[in-house]
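Coordinate inspection notes
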Amino acid sequence: RYEPTWGSLDARPLPAWFDEAKFGVFIHWGVFSVPSFGSEWFWWYWQKEKRERYVKFMEANYPPGFSYEDFGPLFTAEFFDPNQWADILKASGAKYVVLTSKHHEGFTLWASKYSWNWNAVDVGPKRDLVAELAASVRNRTDLHFGLYHSLFEWFNPLFLEDATNAFKTRKFPTSKSLPELYEIVTKYQPEIIWSDGDGNAPDTYWNSTGFLAWLYNDSPVRDTVVTNDRWGGGSICTHGGFYTCSDRYNPGHLLPHKWENCMTIDRSSWGYRRDARLGDYLAIEDLVKQLAETVSCGGNLLMNIGPTHDGRIAVVFEERLRQVGAWLKVNGEAIYGTKPWRAQNDTVTPGVWYTFSPKEGKVNAIFLNWPISGTLELGEPQVRLGETQVKLAGYKELLKWVALGEKGMVIALPQLTPQQLPCQWGWTLQLTDIN
């Protein structure tokens, strides 16, 4: 059994499914999806920081005295079809999904006993969105279902009172935050608890170690659940299950601890933005690059989309997810279930990232640019003459190659028309019998 101490909790082995999965989809959805302007931090920027563009946006578009709470009934979700969402998630090639059950605004997407009249069943959709998505994901896909939960709430009076008392009082976590965590785990049995938003309070204020000890010892998901590292001041990148370290974290080198790169397709926001331009969205080439870099350095990629207030996954997000899925159909062997190789990227040719498939003993070299010369030089592999074989994922014939001294090789790529290429954005060479 795990003790409620970081020493004990951090010794828990991470369930193997998480490292094997490599790729998940993050979904930021909530009342912030109604103004869908600027960022999911809309309430804070408008009311607390009083940023000019947010104040002007409200003055121009809403009546005087309109409060953030008035957005609640406008969060309608009339087009939310959980089966359609599940089908898009499945088509993306993702192996897990993380939904924001509650963001820093405090609005819960389930019928929480602890969020009276500020949840999706009492206000707005009048539906338990967490339950509906969980059911569809479980019925229609093999994805692991996870939930994001914000520890703090910007404007909750109990939290503000505790903060004023320098967190010597603990009214908010005992009456709101912790009961919610126990509630979502018991009710929905998520296999990921993605905690966030410590409000500058220490983990002792949140009783994070107490909750995690229960989660790992006695909860219905104790054997499969994974957690992140955002459990109170000082815990990020230090304690918990896998490390997130910071948003859009991509170190570019191997880390000794399992980590995750959570990032957004929309460069500027996690929530949906009506004012986004096409150039604000990462192209599929960028996403394939992020995936290859992240996995080669031992991380998982958690790619975020923001649905609309009426429950649609915008077509641009759907397209990106389906494009990643199409890429993974061809190159998935270089991603799923792989381990980092002794070199993460090539020393001679830029834009080449390595992974290792332990079952097949294959080294995968993912290259992001198809060379004009038709030959690709790799500086890292040590070949065995007469034994090493090179394949291009999605192409039948073996490729010809020559060795370069002690280390390195030049590979002749097949001469293919754009239509004959196995995929369009990044390709995988599979090398067998490499020293």
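Per an unreviewed UniProt entry, the chain carries the name alpha-L-fucosidase and comes from Origma solitaria. Under the UniProt heading Function (unreviewed entry), the entry covering the chain gives this text: "Alpha-L-fucosidase is responsible for hydrolyzing the alpha-1,6-linked fucose joined to the reducing-end N-acetylglucosamine of the carbohydrate moieties of glycoproteins." Heading Subunit (unreviewed entry) of the UniProt record for the chain holds this comment: "Homotetramer."

Right, let's talk about the environment of Arg170 for a bit. Structurally, the position occupied by Arg170 is in the loop between helix 7 (157-164) and helix 8 (171-188). Once the C-alpha coordinates of Arg170 and Ser136 are considered, the two residues, 34 residues apart in sequence, prove to be 37 Å apart. Leave out the neighbours within four places in its chain, and Arg170 touches Asp162, Leu178, Thr204, Tyr205, Trp206 and Asn207. Among the polar contacts made by the side chain of Arg170, one reaches the main-chain carbonyl oxygen of Tyr205 at a distance of 2.7 Å.

Before going further, it helps to examine the state of the cysteines. Applying the stated criterion across every chain yields a total of one disulfide. Note on Cys262: no disulfide assigned, nearest cysteine sulfur contributed by Cys245 at a separation of 9.9 Å. Overall, the relative accessible area of 0% leaves Cys262 in the buried class.

As a further point, take the domain arrangement of the chain. Per the domain assignment, the segments making up the chain are domain 1 (6-334) and domain 2 (339-432). Between the C-alpha centres of domain 1 and domain 2 there is a distance of 36 Å. Summed over the shared surface of domain 1 and domain 2, the result is two salt bridges. Put simply, Glu333 and Lys362 hold a salt bridge, and the shortest N to O gap is 2.7 Å. Between the two partners, domain 1 and domain 2, sit eight residue pairs in polar contact (both at pLDDT 80 or more). Looking at the side of domain 1 that touches domain 2, the elements that each hand over two or more residues are helix 11 (284-296) and helix 12 (315-331).

Taken together, the seven strands give an open sheet; going across it, the order is 5-4-3-2-1-7-6, and neighbouring strands pair in parallel fashion. Every interior strand has two partners, whereas the edge strands, strand 5 (226-227) and strand 6 (259-264), have only one. Here strand 4 (residues 192-196) runs beside strand 5; their pairing, made up of two bridges, is parallel. Residue pairing across strands places Ile192 opposite Val226, the latter belonging to strand 5. Where helix 8 meets the sheet, it contacts strand 2 (96-102), strand 3 (144-150) and strand 4, and its direction lies at approximately 170° from that of strand 3. Each of strand 1 (23-27), strand 6 and strand 7 (299-305) is contacted by helix 11, which is oriented at about 150° to strand 7, the strand it contacts most.

Once that is clear, we can look at the pairing of strand 7. Burial analysis of strand 7 places seven of its seven residues in the buried class, the great majority of the element. Summarising the sheet, strand 1 and strand 7 pair through five bridges and their orientation is parallel. Bridging from a neighbouring strand, Gly24 pairs with Leu302 of strand 7. By the bridge criterion, six bridges tie strand 6 to strand 7 in an arrangement that is parallel. Note that in strand 7 the partner of Cys262 across the bridge is Leu302. Between strand 6 and its parallel partner strand 7, the chain crosses via helix 11, and the hand of that crossover is right-handed.

This part covers the packing of aromatic side chains. Given two aromatic rings, their pairing is described by the distance between the two centres and the angle made by the two planes. Applying the stated criterion across every chain yields a total of 55 aromatic pairs. Aromatic pair Phe26 and Tyr148: ring centres 5.9 Å apart, planes at 55°, arrangement tilted. Placement of Phe26 in strand 1 and of Tyr148 in strand 3 is noted, with a sequence separation of 122 residues between them. Overall, Tyr148 belongs to the buried group, its relative accessible area being 1%. Measuring from centroid to centroid gives 5.0 Å for Phe107 and Trp118, while their planes differ by 85°, and the two rings are edge-to-face. Here Trp118 lies in the loop between strand 2 and helix 6 (129-140) and Phe107 lies in the loop between strand 2 and helix 6, a separation of 11 residues in the sequence. Across this residue pair, the class does not change: Phe107 and Trp118 are buried. Above the face of the Tyr54 ring, Arg53 is positioned so that its terminal group lies 5.3 Å from the ring centre.

Attention now moves to unusual backbone geometry. A positive phi angle, near 60°, is found at Lys126, a position not held by glycine. Inspection of the secondary structure puts Lys126 in the loop between strand 2 and helix 6. A residue is classified by how much of its surface remains accessible, and Lys126, at 54% relative accessible area, is exposed. Phi at Asn200 is positive, roughly 65°, even though this residue is not glycine. Structurally, the position occupied by Asn200 is in the loop between strand 4 and helix 9 (203-206).

The rules behind the values
Each chain carries its own residue numbering, running from 1 in the direction its sequence is written. Residues qualify for local features only when their pLDDT is at least 70, as the model is predicted, and side-chain atom pairs are given and counted only at 80 or more; totals for whole chains, interfaces and linings, by contrast, use all residues. Calculated side-chain values reflect all of the structure's heavy atoms, with hydrogen atoms and water omitted. UniProt positions are given in the numbering used here, feature names are shortened, and annotations may be inferred rather than shown by experiment. Segments assigned H or I by DSSP are reported as helices when at least four residues long, segments assigned E as strands when at least two residues long, and all are numbered from the N terminus. Residue contacts are defined here by distance: any two heavy atoms, one from each residue, within 4.5 Å place the two residues in contact. Polar contact is the term for a pair of N or O atoms within 3.5 Å; when the atoms are in protein, one must be able to donate a hydrogen and the other to accept it, and sequence-neighboring residues count only if both atoms are side-chain atoms. Note on terminology: pairs of cysteine sulfur atoms within 2.5 Å are recorded as disulfides. Using a 1.4 Å probe on the protein chains alone, a residue whose accessible area is under 20% of its type maximum counts as buried, one over 50% counts as exposed, and one in between counts as partly exposed. An automatic or database domain assignment supplies the residue ranges for each domain. Should a side-chain nitrogen of Lys or Arg be within 4 Å of a carboxyl oxygen of Asp or Glu, the pair is scored as a salt bridge. At least two bridges found by DSSP between two strands is the condition for calling them paired. Whenever a helix is involved, its axis is fitted only over the stretch in contact; in every case the axis is a line through C-alpha atoms, and angles between N-to-C directions fall within 0 to 180 degrees. Think of it like this: strands point away, you trace from the first strand over the helix to the second, and a clockwise trace means the crossover is right-handed. Aromatic pairing here means that ring centres of Phe, Tyr or Trp (its six-membered ring) are within 6.5 Å. Orientation follows from the plane angle: under 30 degrees is stacked, over 60 is edge-to-face, and everything else is tilted. For a ring to carry a charge above it, either NZ of a lysine or CZ of an arginine must fall within 6 Å of the ring centroid while also lying within 35 degrees of the normal to the ring plane.

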